[in-house]
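# Descriptive analysis of the structure
Chain residues, written in single-letter form:
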Amino acid sequence: MRQGKRVFIRTAVGAAVIAALGATLAGTAAAQDTIKIGLLATLEGPFAAGGQDGMRGAELAVKQRGGMVAGKKIQVIKASSDAKPDVAVNATRKLVEQDKVDIMVGPLSGSEGIAVKEYSKTQPNITFINGSSGAQATTLVNPSPNFFRFNTEGAQWMVGLGKAALDKGYKRVMVIAEDYAFPYSQVQGFMSEYCKLGGKVPVKAWVPLGGKDYSSVIARIPKDVDALVVVLGGADAVNFLNQYEQAGGDKPIVGGSITVSQDILNYKGKRRDSLVGTIAGAPIADAYDAPEFKAFVADYKKNYPDGYPSPSLFALVYYVNMKAALDGLEAVKGDLSDGQKKYRAALSKMVLKTPVGDVRLDENRQAIGTTFITEVAKDAKGGLYNKVLRKVDGVNQLLGMKKEEFKIGSRDEPSCP
Amino acid sequence: MSAAYWRKAMNAGAGRLAMGRPPAPRAATAAAPAPGADQDAPAWLRWIWERVSARHVFVMVGVLVYPLVATPFFTFQIAAQSLVLGLIALSLTFLGGYGGMVSLAQMTVAGIAGYMVAIFGASATDGVSLGWPWWLALLLGLAIATLAAAFIGWLSVRTEGIYTIMITLAIGVAFYYLVLQNYTVFNGFQGKQKVFPPTLFGISWRDAVPFYYLALFWALAGYFFVKYLVRTPFGIALQGIRDNPRRMNALGFNVIAHRVAAYAVAGVLAAIGGVLFTWYNGLVTPGTVGTSWLINILVIAVLGGMRHPIGPFLGAIVFVLLQNFAIDVIDRERFNLVIGAVFLAIVLFSPDGLLGLWARLRARLERADARSRISTARPSRRVQLEGGRSP
C-alpha cells in the first residue's frame, strides 16, 4: 500500500519532468519572416573554452546588426560537438534537417570541417559557412559548391613564421604537434618557408589530441635544437607547457596559431612568464592597432565582460564568418529563394570587411587574407599580449606555390631533417 | 544478493529452473511450453497465437510505417541511430542481464568490426584500405570482431563483478590508444573516412529510409535471437551460471566455456551493430571506441533496463533524444547537465531502468485491478518483480 503510493508519486514526478521537457521542445516553433542560422562550435571536449569564445564572436556579429538583416529577424540556433567529426555531423544534421536552418555556421576544428563539408554536398539548398576549422583539405580536395570559408586556414596562418624563426636564430627546431589535419596544415605552413630558407627540422613528434602526459615527448627533445615548434591547442598546450616547465625545459618556443591564443596567455601556470618572446603566426594579433580591430575589441569587451580580456582567435574567426553570412544576406536583401543561388553568388563575389583587413574568396570559396607574425610581450600591468612583428597580406591557400608543386601537409610532408 | 535469492528459489523448487529467468513479461502469464512442443506441425499456428498479442502487432506496424510519416531527420538520426546503438547495447544486456558479466568492451568489439570493414573494404584512405568486395570485407569484419569478443571473454571470464568491468575497460582503452597511435593500419586520429554501405538492388543503403529498414531488420533479428537464445538449454545454463556458478559447476556444466561462448554470441550482435554504426556515421575514428562511448553503451543498457532484450532499445531512444535535444532546453555549455540529470533521475527512481518503471507501473495497475476481484495473480507477480531486480 505504502509502496504503491510512493510509486505513484514517483511516476507522477517523472511524467511531469517528461512533459516539461516536451513542452520546451515544442516551444521552438518558427515564426514568419525569420532567417534561421545554425551555429555549431565545440562546447565540450578539448576545445570547450575556444568554442565558447567562438560563439561569443558569432553572437557579436548578430548583435551589431541588432538581430535584424534587411528587415528580417535573425534567429540563431546553437549546437555543440566535442571536436569529433561524427558528433559534428550529427549536430549539423540536426540543425539542418530538424531545426530547418537556412544558413549553417560552423564547425570549429579541422576534421569536423572536412566531415561537415562532405555532409554539405547532400544538402544543396543550404549554404554552409565555416566556423573556425582550418584543415586545408576542406576546400582543396573535392570542394563542395555550397561550403564557404571566409577565414584563412592553418597553413596560411603560419606564412612568414619560418622567416621570423630564422631571424631569431633558430636554425634547428623540433616540431611537437597534435596528430590531425589542422596541425599538419600549420606545420606545413611553417616548414615550407622555413625549409626553403635553410632551416632544419630533425624530429617531429605527433601527439594525440587531448593527451595528458607529455613526458615521453619531452624526453625525446634533442639537445641540439634551438627551439620547439609547439602546435597544440587549448588544454593540451597548457598541459605541455606545465610539464615542460616541471621537467626543467628552457628552449624558446615557436607557437602555432592556437598555442599562444588569448586563452593560453591567460592561464595561471609558472611557465607563463617564459612564454614572453614566443613568436607565432596567427590571423589575429591582440595589439594590432588598426581602428577597425580596436573597435571590434572594444565591442567584444563591452558585450562580454565575462569573456577574455581580448577576443581569442576563435571569437574573431567565428565573428568574421558570421559577419560574412549576414553581409551576404544584406546584399541580396534577405532573398534566399531559388535554392539560395543569389545568396551564394553574392558571397562568392563579396569583398568582406573584417577587423583585420579585407578578405576575398578564391575559386574554391576559400579566403585570401592577412596573417600576423606576433611575439608575446608583457604589458605594464604584467598581462601577456601578442605584439605584432609583421603583417603579411594577401596570403592564398597554395602559400604562393604553383598548383602542381603544392602538396597538402601531412605527417611526412614537408620534410627537411 | 541475486545468488542468495537464487539459492532460496532452487531449494524451494528446482523445477522452476526450466522456466528461465528473468522471465519475459509474457512468460509469467502463459505457461512455458515444453521444449519440443513446436515439433508438431499444426502447433505452429497455436504457437504464434499464444505469443503474439495486439501489443506486438501494434508495435510492429508502428516501426514499419514510422519512416513513412517521420521526417528524414527523425528516421535517420533519431530512429536508425537508436536501433543501431540499441543493438550494440543489446549485446551488453545479454552479457550483463543473462550472463551476469558487465563488459565495457562491447563498443570496442563494435569498433573492431567497423575498422575491419573499413580496412578490408573501401574508404577514402588509400593504401590502408584494401578495397576488397563489400561482402568479403563484411564477413571478415564480423568474423574478426567475434573472435576478438571471444578473446576478450576468455581473458575476463575468470574475474567477477568489478574486476570484469576493470579488465574490459582496460582492453577497451588499450584498443583506443592502438587505433589512435597506429598509422600504418588504423590511420590514427583521423580514422577511416567515407565508409559507406554498398549500393545493392539499386538502393543506396545509406539514404534515410533504406538505412532505417536495414537497421530495423538487424535490430529485430538481434532482439528475437536473444529472446530465443535465453530459452535454449544454453541460455538457461547461462542464467544458472549467473546466479550460482559453483552449483552449476557441480552439476557438470563447464562454466568457463559457457561464459566465453556468451561473449562470442554478444560479440556477433555488437559486431553487426558496429558495422551499422560505421555506415551510419560514414566513418570510424578512435573517438568511436573512446572511453566516452564505452560508457555510453553501459548507460544505454542500464537506462533501458537489463531485464529484457527490449530494454537497450528503449534506453537508446532516450539517449539519442537527449543527445540531440538537450541543447534546446538549456543553452550553452550547460546542456550536458540536463543529460546527466535525466539519467540520474531514471536510475534513481527505478534501479532497473525504464523497464523497471514500466513493470512497476503495470504491477500497480494490476494490483488495483486485483483488489476488486480476488485473484491469485498477485503473489506470482510479486515474485516476478523481485526476481527481475537481481541483475
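Residues numbered from 1 in each chain as written. Chains lettered and ligands numbered in written order. Predicted model: local features only at pLDDT ≥ 70, side-chain atom pairs only at ≥ 80, totals over all residues.

### With respect to the environment of Thr-127 of chain A
All names here are of chain A.
- Tracing the backbone shows Thr-127 in strand E5 (residues 127-129).
- Spatially, the C-alpha atom of Thr-127 lies 9.1 Å from that of Ala-325, the residues being 198 residues apart in sequence.
- Contacts of Thr-127, omitting those with residues within four sequence positions, involve Ile-103, Asn-146, Phe-148, Gln-340, Tyr-343 and Arg-344. (Helix = DSSP H or I, 4+ residues; strand = E, 2+ residues; numbered from the N terminus. Contact = placed C-beta atoms within 7 Å.)

### Considerations on the domain arrangement of chain A
Residue and element names in this part refer to chain A.
- Along its sequence, chain A is organised into domain 1 (34-152 + 290-365) and domain 2 (156-282 + 371-395).
- The distance between the C-alpha centroids of domain 1 and domain 2 comes to 27 Å.
- Contacts between the two partners involve 20 residues from domain 1 and, on the opposite side, 23 residues from domain 2.
- Those elements giving two or more residues to the side of domain 1 that touches domain 2 turn out to be helix H2 (48-64) and helix H4 (110-120).
- Split by residue class, the side of domain 1 that touches domain 2 holds 9 nonpolar, 10 polar and 1 charged. (Domains from an automatic or database assignment. Nonpolar A, V, L, I, M, F, W, Y, C, P; charged D, E, K, R; others polar.)

### Things to note about the pairing of strand E8 (residues 200-207) of chain A
Residues and elements named next belong to chain A.
- Alignment of strand E7 (residues 172-178) against E8, held across 6 bridges, turns out to be parallel. For Val-175, the partnering residue across the bridge sits in E8 and is Lys-204.
- Note on the crossover from E7 through helix H7 (residues 181-196) to E8: the handedness is right-handed. (Pairing = 2+ DSSP bridges. Right-handed = clockwise from strand over helix to strand, strands pointing away.)

### Some points on the packing of H2 of chain A against helix H11 (residues 291-303) of chain A
All names here are of chain A.
- In the contact formed by H2 and H11, the axes pass within 11 Å of each other and the chain directions differ by 100 degrees. Taken together, the axis directions place H2 and H11 in an arrangement best described as roughly perpendicular. Every residue of H11 that contacts H2 at Leu-60, Lys-63 and Gln-64 is listed here: Asp-299, Tyr-300 and Asn-303.
- Residues that form the contact of H2 with H11 fall into these classes: 2 nonpolar, 2 polar and 2 charged. (Axes fitted to C-alpha atoms, helices over the stretch in contact; angles between N-to-C directions. Parallel < 35°, antiparallel > 145°, perpendicular 65-115°, else oblique.)

### Some details on the domain arrangement of chain B
Residues and elements named next belong to chain B.
- Once the domains are mapped, chain B shows domain 1 (72-349) and domain 2 (354-391).
- Its C-alpha centre places domain 1 at a distance of 32 Å from the equivalent point of domain 2.
- Each partner contributes to the interface: domain 1 provides 15 residues, whereas domain 2 provides 6 residues.
- For the side of domain 1 that touches domain 2, the secondary-structure elements that each account for two or more residues are helix H5 (72-99), helix H13 (291-304), helix H14 (311-329) and helix H15 (335-349).
- Tallied by class, residues from the side of domain 1 that touches domain 2 come to 6 nonpolar, 8 polar and 1 charged.

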